[in-house]
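Residues per chain, in single letters:
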Amino acid sequence: MLKYVKNHMETIAGIEIFPIISLLIFFIFFVVLFWWVFTAKKDYINEVSNIPLDNQKDNTL
């Protein structure tokens, strides 16, 4: 089965660029995520972390 998939992939022109693109997207996403985490304001982090504990809103069904 793997031999069939590998042979089929080798016949597609320009397919060697897709792993490079996916690696770049993955890397850029996590670099931006780490940058956002380290530059986020403490007030915003505290506000968002207290949302599950907010008892002012009653969720009655």
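Basis of the calculations
- Residues numbered from 1 in each chain as written.
- Predicted model: local features only at pLDDT ≥ 70, side-chain atom pairs only at ≥ 80, totals over all residues.
- Heavy atoms only, no water.
- Helix = DSSP H or I, 4+ residues; strand = E, 2+ residues; numbered from the N terminus.
- Rg over C-alpha atoms; globule rule 2.2 N^0.38 Å.
- Areas by Shrake-Rupley, 256 points an atom, 1.4 Å probe, with all protein chains shown as cover.
- Phe/Tyr/Trp six-rings, centres within 6.5 Å; stacked < 30°, edge-to-face > 60°.
- Buried < 20%, exposed > 50% of the residue type's maximum accessible area, 1.4 Å probe, protein only.
- pLDDT = per-residue confidence, 0-100.

Quick look at the overall build of the chain
Across its full length, the chain holds 3 helices and 0 strands. The N-to-C order of helical and strand elements in the chain reads α-α-α. Rg of the C-alpha trace for the chain: 23 Å, well past the compact-globule value of 10 Å for 61 residues, more than 25% over. Referenced to the eigenvectors of the C-alpha coordinate spread, the extents of the chain come out at roughly 60 × 35 × 15 Å. Roughly 6600 Å² of accessible area belongs to the chain as shown, and the carbon and sulfur atoms make up 69% of that amount.

Overview of the packing of aromatic side chains
When we look at a pair of aromatic rings, we describe it by the centre distance and by the angle of the planes. For the coordinates displayed, the defined rule picks out 3 aromatic pairs. Ring geometry for W36 against Y44: centres 6.4 Å apart, planes inclined by 80°, an arrangement best described as edge-to-face. Residue Y44 is classed as partly exposed on the basis of its relative accessible area, which comes to 44%. Ring pairing ties together the aromatic residues F26, F29 and F30, which thus form one cluster.

Quick look at the confidence of the model for the chain
Across the chain, pLDDT averages 85, with 90% of residues at or above 70. The least confident element of the chain, judged by mean pLDDT, is helix α1 (residues 2–10) at 80; the most confident is helix α2 (residues 17–39) at 95.

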